[in-house]
Structure formats: structure tokens, C-alpha cells
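# Structural features, examined
In case you want the letters, here they are:
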Amino acid sequence: MSDVEPILEVKNLWKSFKLSTGEVVQALRDVSFKVYPGEIVGIIGRSGAGKTTLLRILRGVESFDGGVVRIAGTTLTPKSSFREIQEVRDKTAIHLQRSFALWAETTKENLMLRLMALETGDETAGLPPEDDPDYKRYEEEAMRLLKLVGLEHKAEQAALTLSGGEKQRLILARQLAARPKVLLLDEPLTMVAPEQKRENIEVIRRIHRELGMTTLLVSHMPHIHEELSERLIWLDEGRIRKEGDVREIIDEFLGELEPPAPLPPLKEKKPLFKLEKVGKRYYHYTLKKLFEITNVDLVVHRGEILGVIGPSGVGKTVLMRILAGIELPNEGRVLYYEDGRQIDLTHLGIRSALVRRNIGILHQEFGLTHHAKVEDIIKGRKKFKELTEEDMKKLMERFELTETQLDFVLRLADMPSGVRSEILDELEISEDEILEIYAAIPQVDLDINEVLSIFEFMGLTPKILGRRAYELSGGEKIRVALAVELAAHPSLLILDEPFGDLDPITARKVSNIIKDINKTYGTSFAIVSHDRELLASTTHRIVLIKEGVLREDVSEEELRNI
């Protein structure tokens with residue numbers, strides 16, 4: 001392409017971050033490359049290699065220390081004016097890793113609000129009346145974009161009820177609404193089921209084919225680059241290690257994969273938790289049933305690593321929340337076995353609250369408090385897990401709560417913040433009231449040596465304890481989130497899609513860490529994952545949830561076809 005001008009050129013780009021600890025981290029080092037009009041260029045690299053930082057600079061939302069960036073005729077330097085930065089933002093669109101920020105309105109209305117905001121600068125004002133010409137204009141353009149990303153049949157469905165893969169496509173459509181010159185995709189297929197990965201790959205391909213969209217595609221998934229990227233850039237510790245042929249670079253990248261650790265044997269099958277005849281139904285606001293789980297019987301044994309797999313939207317996440325005791329089934333029991341006794345977690349009260357201290361859960365949409373230090377995040381989580389019966393009674397007395405009310409409030413603490421907010425809104429309870437109760441829970445001391453030993457397990461440096469959550473890379477965040485849960489010594493640790501954000505090398509490392517933790521501490525795990533191969537090498541057995549039914553007798557062929 002020597003006769004064609006590049007639409008994107010990066011020359012000698014440098015970027016460093018000064019962390020809150022005073023430490024300086026060199027994120028990008030002398031990075032140079034070109035992208036030509038209509039190309040799909042891939043960027044691969046391990047977690048923390050600088051991929052997201054690079055895309056944020058190209059989007060104009062991150063400053064840099066040295067070098068030059070040229071995008072569609074606009075040049076950026078470290079001293080660029082706001083006008084030049086705004087020009088770059090107008091010419092680019094970005095799909096951020098783990099981005100699920102959507103309005104509660106329908107899929108179509110989410111796009112219409114975005115289109116309106118592009119004209120008016122305000123996405124919160126509400127759409128014009130349906131008989132207004134602007135409404136019809138926004139609606140027609142929204143339906144065109146939904147068709148482009150394969151979501152026209154979901155136009156009237158509430159956006160928040162879409163599956164993970166569908167949400168990704170809706171967010172992509174919102175970015176395309178701005179008609180960018182360059183599309184920046186940061187891990188657009190994480191947290192997506194295999195069948196939807198195929199659909200989303202086809203959507204990106206269709207966008208490229210129909211719009212001729214120049215695309216810079218960041219992904220740690222080799223097969224995504226094999227399907228889409230025309231050439232590949234390997235970013236390693238902030239430097240370009242290699243650029244060129246996709247297959248050649250992938251082979252070299254995967255050469256750093258460590259071998260799978262042996263799975264510790266499950267010596268005896270003693271029950272730890274049991275789901276007994278559990279049923280759960282979820283409805284859309286139109287009263288259309290979204291999914292139903294029926295008559296589920298499942299035992300998690302002491303010391304077992306259990307895998308849970310199934311298509312998107314069948315209720316795997318909800319089932320894990322039921323197992324954790326933070327969501328109640330419509331029918332059935334959740335039993336914890338302790339010293340020959342059975343304790344039913346579906347009955348709210350102090351006894352259930354004490355049992356749930358033994359359960360850790362890492363949600364698919366986990367979040368670390370943005371500005372909090374990692375050390376404080378661990379302390380904050382640990383204090384919930386070290387609550388004594390006496391502590392609970394003092395809280396009940398201070399806030400005039402019944403056992404049932406206190407247990408409900410404590411269960412809310414284990415829920416993802418978005419789910420918790422929805423519940424509180426529905427009950428018309430102020431979040432400040434709940435936070436006041438949480439603030440009254442006694443603080444605990446942290447055994448730093450113990451925490452550092454967990455960090456060593458997770459491949460984290462001691463320096464990370466003093467960092468703020470926003471200073472962590474995507475791969476560091478998932479490992480810190482795991483370390484936060486492990487610091488509370490759970491008997492059962494529930495992990496919902498723990499591998500989705502990780503490159504293959506780090507994912508294999510985390511898989512080996514899980515087995516090492518299981519061997520060392522005897523911790524039981526329940527792991528939900530779409531990664532069939534990684535799940536098979538990490539777990540003692542795999543159960544399948546499909547069409548509302550849980551099955552334990554799953555053939556290899558069935559697993560391959562999920």
C-alpha cells in the first residue's frame with residue numbers, strides 16, 4: 001500500500017503513568033505503526049501490555065508524553081489543542097472492554113437516544129413524541145443500525161435484558177451512529193457465548209464489508225484475529241515486539257503458554273452445598289418469560305472444582321447467585337452442610353448470614369471501587385466475612401432491624417452494584433441507608449503476610465496493594481478481584497466467567513492457580529465459563545444448563561456443540 005496514504009499513523013509514541021504510590025509505570029515505549037483505509041489491523045498482547053492505553057490515546061481521551069498520532073488528517077502531539085483533540089474524537093469511535101452502559105429503555109430507544117445526543121449533545125432529555133418528524137427520523141436510522149448489527153428482531157426488547165453478546169452488538173451500533181472514520185474495538189467479544197462470538201464476528205465482518213470501516217481490533221483471542229485481522233501487531237510490555245503475518249505471530253505468542261497443572265484428585269464425595277428441587281423464573285416487564293430453571297438438584301462436594309456451562313440467557317448466573325444465597329429461588333431449598341447439620345439459606349436470619357460468610361462470589365460484571373486502594377478493598381470485603389453473631393445483634397439493635405431485615409441487607413452487599421440499585425429502587429429504599437449500615441460493620445486487621453502469599457499465588461506484585469483500582473490493567477483487576485475473595489478464606493468460591501477478560505497465557509495461569517488453591521486450601525469452586533476446553537482442564541466435572549434443565553450426564557460431543 002505504498003501509494004496510499006495511511007488513515008492512521010503512530011510515530012514514536014511514549015506514555016507513562018505516575019501512580020498514587022509514586023511509582024512510574026511505562027505503559028508505551030516508542031510505538032510506531034500505520035493503518036491504511038479499509039484495513040482491519042489486529043493488536044494482540046498479554047494483559048497489561050498497553051493495548052487499552054494505546055486505544056484511549058487514539059480516541060483522544062488519554063494524553064501522552066512523546067510522539068505523534070495522525071488520524072484522518074488531524075495530527076495530535078502532547079501539546080495539541082482541545083480543538084484538535086475534539087477533531088480526533090469526532091473521527092473515531094471506541095468500543096471499550098467490559099462496557100455494558102445502557103439505558104433501561106428498549107434496544108431501539110437506546111439507539112434513538114444516542115442519535116438524538118449526537119445532534120443535541122443531551123442523551124437524558126427524552127425522545128420527542130412519536131408523531132414528531134424527528135422521532136420518525138431517529139427511528140428509521142436506529143432500525144438501519146440494528147439491522148447492520150443483527151438486532152432488528154430485538155428492537156422492542158428492554159436493552160438490559162439482552163444477553164451479553166447482544167449488549168455488545170448494541171453498544172457497537174451506538175458507536176457506529178457517530179459515523180466514525182476509524183473504529184477502535186477493545187476486546188469486543190469478551191464475556192460472549194461461543195454461538196454469539198460467531199454472530200458478533202460476522203457483524204464486524206459485515207460492518208467492514210458494507211461500510212468499508214477502517215478498524216483497529218484489540219483482542220487477546222487468537223481465533224478472533226485469524227477470522228478478522230488482515231495483519232497483526234504484537235504489543236508486549238508497551239513495545240511492538242513483532243508486526244506482520246497473523247498466523248506466524250499467533251504461533252509465537254502462544255509459545256509462551258505454560259503447561260496445565262495436574263488436577264488435584266477429589267478423594268471423597270462429602271456434600272458441602274446442595275440445591276434441592278430449585279426453580280426460578282424471570283419475566284420481562286411485558287410479562288414475557290425470559291427464562292425458567294426447573295427442578296434443579298445439584299451437589300457441590302467439599303474440595304470439588306465444579307464447572308457450569310450452557311448457552312447464553314439460560315440462567316447460569318442466576319443459579320450461581322441462588323447457590324451463593326444472595327438470590328432466592330421461587331421454589332426449592334439451598335442447603336449448607338456443617339457438622340452433620342443442614343442449614344437452609346432460603347430462610348433469612350442470623351444462621352443463614354453466618355453460613356454465607358463461607359461463600360465467596362466473583363460476578364461476571366464484578367467491579368472494584370474505582371478510587372479505592374487495593375488494600376482497602378480487601379479490608380472492606382473481609383469485614384463482611386468476619387462478622388460475628390454478636391456483631392450482627394449489635395447492628396440489629398442500633399438500626400432497629402429484625403434478623404430477616406439484617407440478613408437481607410447483608411445479602412445485598414454480595415450483589416453486583418447495578419442489581420443492588422435496581423432492588424433498592426423497586427423497594428424505594430435509599431442506598432445511603434444501606435451504606436450507613438455497612439459503614440457501621442467493625443473494621444478488621446489485615447494479615448499482610450497472608451495477603452502477600454495470596455498475591456504470590458495470583459502472580460501479583462506486593463506494590464499492587466497500594467495501587468488504586470483504576471490503576472490496574474484488565475488482567476490485574478480480575479486477579480486482584482480473585483485475591484480479594486480468597487483473603488476471606490471461603491469454603492466455596494463461585495466464579496462467573498473468570499477467564500473472559502484474560503489472554504490465553506494469563507487464563508492458563510489463573511486455571512493453574514485455581515487448582516493450586518484447591519490443593520493447598522481445600523477450597524471448593526463453582527466456575528461458570530463459556531471456555532469449554534479451559535473448563536475441562538480446570539474442573540473435576542462439568543454440568544450443563546440448557547432449556548431450563550440442569551444435567552450432569554454431559555457427553556463430549558454435546559460440550560463441543562455448545
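Residues numbered from 1 in each chain as written. Predicted model: local features only at pLDDT ≥ 70, side-chain atom pairs only at ≥ 80, totals over all residues. Heavy atoms only, no water.

## A short note on the pairing of strand E1 (residues 8-18)
What counts here: Note on pairing: DSSP must find at least two bridges between two strands before they are called paired. Every helix listed is a DSSP run of H or I at least four residues long, and every strand listed is a run of E at least two residues long, numbered separately from the N terminus.
Here E1 runs beside strand E4 (residues 66-71); their pairing, made up of 5 bridges, is antiparallel. Across the sheet, the residue bridging to Glu-9 is Arg-70, located in E4. Pairing of E1 with strand E2 (residues 24-35), which is carried by 8 bridges, proceeds in the antiparallel orientation. In the strand pairing of E2, Ser-16 is matched with Gln-26. The antiparallel pairing of E1 with E2 creates a hairpin that spans 5 residues between the two strands, and Gly-22 there sits at a positive phi of about 95°.

## Points about the packing of helix H11 (residues 374-385) against helix H16 (residues 448-458)
Put simply, the rule reads: Note on method: axes are straight lines fitted to C-alpha atoms, helices fitted across the in-contact stretch only, with angles between N-to-C directions ranging 0 to 180 degrees. Comment on the angle field: the value is read as roughly parallel under 35 degrees, roughly antiparallel over 145, roughly perpendicular from 65 to 115, and oblique elsewhere. Residues are treated as being in contact if the distance between any of their heavy atoms lies within 4.5 Å.
The interhelical angle for the contact between H11 and H16, taken along N-to-C directions, is 105°, at an axis separation of 13 Å. If you check the angle between H11 and H16, you find them roughly perpendicular. Contacts between H11 and H16 pair Val-374, Glu-375, Ile-378 and Lys-382 from the former with Ile-448, Glu-450, Val-451 and Phe-455 from the latter.

## With respect to unusual backbone geometry
As a reminder of what qualifies: Only protein chains enter the accessibility calculation, which uses a 1.4 Å probe; a residue whose area is less than 20% of its type maximum is buried, one above 50% is exposed, and one in between is partly exposed.
In the Ramachandran plot, Asp-30 falls in the positive-phi region, its phi being about 55° despite a non-glycine side chain. In this fold, Asp-30 is placed in strand E2. Its relative accessible area of 37% is what places Asp-30 among the partly exposed residues. Positive phi is not limited to glycine here, since Arg-179 has a value of about 50°. Following the sequence through the fold, Arg-179 ends up in the loop between helix H5 (164-176) and strand E7 (182-186). Given a relative accessible area of 58%, Arg-179 falls into the exposed group.

## Overview of the packing of helix H13 (residues 403-413) against helix H15 (residues 431-439)
Condition: Lys, Arg, Asp and Glu make up the charged group, whereas Ala, Val, Leu, Ile, Met, Phe, Trp, Tyr, Cys and Pro make up the nonpolar group; the residues left over, Gly among them, are polar.
As a packed pair, H13 and H15 sit with axes 11 Å apart at the nearest point and diverge in direction by 95°. Classified by the angle between their axes, H13 and H15 sit roughly perpendicular to one another. Listed contacts from H15 to Val-409, Leu-412 and Ala-413 of H13 are Ile-434, Ile-437 and Tyr-438. Split by residue class, the contact of H13 with H15 holds 6 nonpolar, no polar and no charged.

## Comments concerning helix H12 (residues 389-399)
Here is the rule: Here, the arc refers to the directions that run from the helix axis to the C-beta atoms.
Along H12, the residues that are buried comprise Asp-391, Met-392, Leu-395, Met-396 and Phe-399. Down the axis, H12 shows its buried residues gathered within 140° of arc, on one side only. Turned more than 90 degrees from where H12 packs its buried face, Glu-390, Lys-394, Glu-397 and Arg-398 sit exposed. Elements that come into contact with the buried residues of H12 comprise helix H10 (350-355), H13 and H15. Two residues or fewer past H12, Glu-400 is found with a positive phi of approximately 55°.

## Remarks on the side chain of Arg-479
Stated precisely, the cut-off is as follows: In this count, Lys and Arg are taken as positive residues and Asp and Glu as negative ones, while His and the chain termini are left out. Salt-bridge detection follows one rule: a side-chain nitrogen of Lys or Arg within 4 Å of a carboxyl oxygen of Asp or Glu.
With respect to the helices, strands and loops of the structure, Arg-479 is situated in helix H17 (residues 474-486). Here Arg-479 occupies a buried position and makes no salt bridge, while the nearest side chain of opposite charge, Glu-476, is found at 5.3 Å. Arg-479 has contacts with Met-458, Gly-459, Leu-460, Thr-506 and Val-510, leaving out every residue within four places of it along the chain.

## So, the nonpolar core
Most often, soluble globular proteins keep nonpolar side chains buried together rather than apart. Threshold: The criterion is simple. A nonpolar core is a set of buried Ala, Val, Leu, Ile, Met, Phe, Trp, Tyr and Cys residues joined through side-chain atoms within 4.5 Å.
Counting 54 residues, the largest nonpolar core has Phe-273, Leu-275, Leu-319, Leu-323 and Ile-494 as its most contacted members. What Leu-319 contacts, discounting residues up to four positions off in sequence, is Leu-275, Val-278, Ile-293, Val-296, Ile-545 and Leu-550. Among the nonpolar cores identified, the runner-up in size contains 42 residues, and Val-480, Ala-481, Ala-487 and Ile-514 belong to it.

## Thoughts on the sheet that holds strand E5 (residues 74-76)
Overall, antiparallel pairing links the 4 strands, which are arranged E2-E1-E4-E5 in an open sheet. Only two strands of the sheet have a single partner each, and these edge strands are E2 and E5. Strand after strand, the sheet turns through a mean of 25° between neighbouring axes, direction not considered. Here E4 pairs with E5 via 3 bridges, running antiparallel. Looking across to E5, one finds that Ile-71 is bridged to Thr-74. On top of the sheet, helix H1 (residues 51-59) reaches E1, E2, E4 and E5; it is set at about 115° to E1, its chief contact. Against the sheet, helix H2 (residues 82-91) touches E4 and E5, its axis set at about 120° to E5.

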